Structure formats: structure tokens, C-alpha cells
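Tertiary structure, described
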Amino acid sequence: GAVVSQHPSRVICKSGTSVKIECRSLDFQATTMFWYRQFPKKSLMLMATSNEGSKATYEQGVEKDKFLINHASLTLSTLTVTSAHPEDSSFYICSARVLAGFGEQYFGPGTRLTVT
Amino acid sequence: QKEVEQDPGPLSVPEGAIVSLNCTYSNSAFQYFMWYRQYSRKGPELLMYTYSSGNKEDGRFTAQVDKSSKYISLFIRDSQPSDSATYLCAMRRGQAGTALIFGKGTTLSVSS
């Protein structure tokens, strides 16, 4: 299957600072990427849909000024958590959809964010 | 009624058993169906994907879609301890830009 990478895999930051998470599709192009958040033993919660070259579409309840998403190319999307607080601590996972054919969707390995 | 329903389990089976995982859905517009496996603290891994109705087989895994009943299944034959994970069904309507709708996931434990 196709590979999606995420960096960093784990990050600890102080309250009030910003953190950037990168998501890359390594061997395919993805016009659409998705960002999810997952709490322990809970299912995936879609935060936003990101289309290359345009503004992200955020799900209801997700603050777009807090979770900045940039999708600058067909293989890279970034999520920046601004002015992080302890309640932002979570597992963040990106996903990329294959451009052609079925349009299957592959996930990155996730980033565990801890805000102290 | 939630769009996608999935029994969270946990489901415990002995090694070698046939496992049946299921999801029901309410939106008849869903056409693309996927199954993911997620190990603890990892991103979901795409196992199978099917379009519309029918069966699809890949090794020990078989995905089945019954659109008339709005019911999808994933069968795992000769289950192994390494199959112990959470299995998520997912589906979407169209091709362009629509997000996947996920079930809550079923936790499977295969004992040796």
C-alpha cells in the first residue's frame, strides 16, 4: 500500500507555544488530505479537510485559528497547533487520499502531542 | 441513529478461529467501503476497500458489502495473535473531497 509519513512522531511542548506537524504522502499524489484527532480508546474525530492550494474546511467545533492547516503541495500538508494548552494534548493523525482510481485513503503513523 | 454503527466489542477468539466483524449504516448513498486495522498508538492501516456490493478477498481477509441490507462485513480466516487490534469500518459517498465516515471500531483479541 501507499505510505504516508508524519513528523514528529512525538512532541512535548510548553503551554502557550506553537507546534507544527508535517504530513507527507511519500509515493503518491494527494489533492485531499485530512487531519484527525484521537483520544484514548476512542474513534477518530475528523478535524479538517485540506485541499491542495485552497483553504481547509474545518469541522464544526474546530477552531481554525488555533489549528492552522496548510496544504502547499500534492504531497505535503501541515497542521500547526497555535498557543497550545494542556487540553490540546492528543494523538493527531493525518490521512491522504489517492488522486486517481478508487481514491483509497491512507493514514500516517500519528503524532502524540503533550502540552505541559 | 448514527450514520455508521459498529459493535465495539471486545471480541475474544482463540488462534485459528474465523472472525466476523460487522458494520451497519443508514445512508444508502454510501458507495465506497473500507476496513482499517489500528494497533495501539499507531495510525490506522488500510486492509481492504470495495466499491458498491459484492465480495473481495485478499489472503486471509474477505470484505463483503450488502447494500440492500446496508451491512458490511470483514472476515478473518485462521486468525493469529498478531491480528489483535481495533478494526474500523469506514465509508463515503462520492469520490471527490468527501470525508470518510468511521465506525467506532471493534477491539479484537486473538489468544494463542
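Numbers given to residues run from 1 along each chain, matching the order in which its sequence is written. Chains and ligands are labelled sequentially in the order written, the chains with letters from A and the ligands with numbers from 1. Only residues with pLDDT of at least 70 get local features here, since the model is predicted, and only at 80 or more are side-chain atom pairs given and counted; chain-wide, interface and lining totals rely on the full set of residues. With hydrogens and water excluded, all non-hydrogen atoms of the structure serve as input to the side-chain values.

1. So, the overall build of chain A
Under the convention used in this document: The helix and strand labels rest on DSSP assignments: H or I over at least four residues marks a helix, E over at least two residues marks a strand, and numbering proceeds from the N terminus. The globule rule is 2.2 Å times the number of residues to the power 0.38, and the radius of gyration it is compared with is taken over C-alpha atoms. Burial here depends on accessible area, computed with a 1.4 Å probe over protein chains only, as a share of the maximum for the residue type. Under 20% is buried, over 50% is exposed, and the range in between is partly exposed. Note on areas: these come from Shrake-Rupley sampling with a 1.4 Å probe, and a residue is covered only by the protein chains present in the view. For the purpose of charge, His is not counted, nor are the chain termini; Lys and Arg are scored as positive and Asp and Glu as negative. Charged groups are reduced to one reference atom each: NZ for lysine, CZ for arginine, CG for aspartic acid, CD for glutamic acid.
Summing up its helical and strand segments, chain A has zero helices and 11 strands in all. Listed N to C, the secondary structure of chain A is β-β-β-β-β-β-β-β-β-β-β in terms of helices and strands. Against the globule reference of 13 Å for 116 residues, chain A gives a C-alpha radius of gyration of 13 Å, in line with a compact fold. Projected onto its principal axes, the C-alpha coordinates of chain A cover approximately 45 × 25 × 20 Å. Within chain A, the proportion of its 116 residues that are buried is 52%. Carbon and sulfur atoms provide 52% of the accessible area of chain A, an area that totals close to 5600 Å². Averaging the coordinates of the 12 positive side-chain charges in chain A and doing the same for the 9 negative ones gives two points 7 Å apart.

2. Things to note about unusual backbone geometry
The omega angle of the peptide bond from A:His7 to A:Pro8 is 0 degrees, so this bond is cis rather than trans. As for its position among the elements, A:Pro8 is in the loop between strand S1 (4–7) and strand S2 (10–13). Positive phi, close to 45 degrees, is recorded for A:Ser83, a residue that is not glycine. Position of A:Ser83 among the secondary structure elements: in the loop between strand S8 (76–81) and strand S9 (90–97). At B:Ser52, a position not held by glycine, the phi torsion is positive, near 60 degrees.

3. A closer look at the environment of A:Gln60
If you trace the backbone, A:Gln60 turns up in the loop between strand S6 (57–58) and strand S7 (67–73). Residue classification places A:Gln60 among the exposed positions, given a relative accessible area of 82%.

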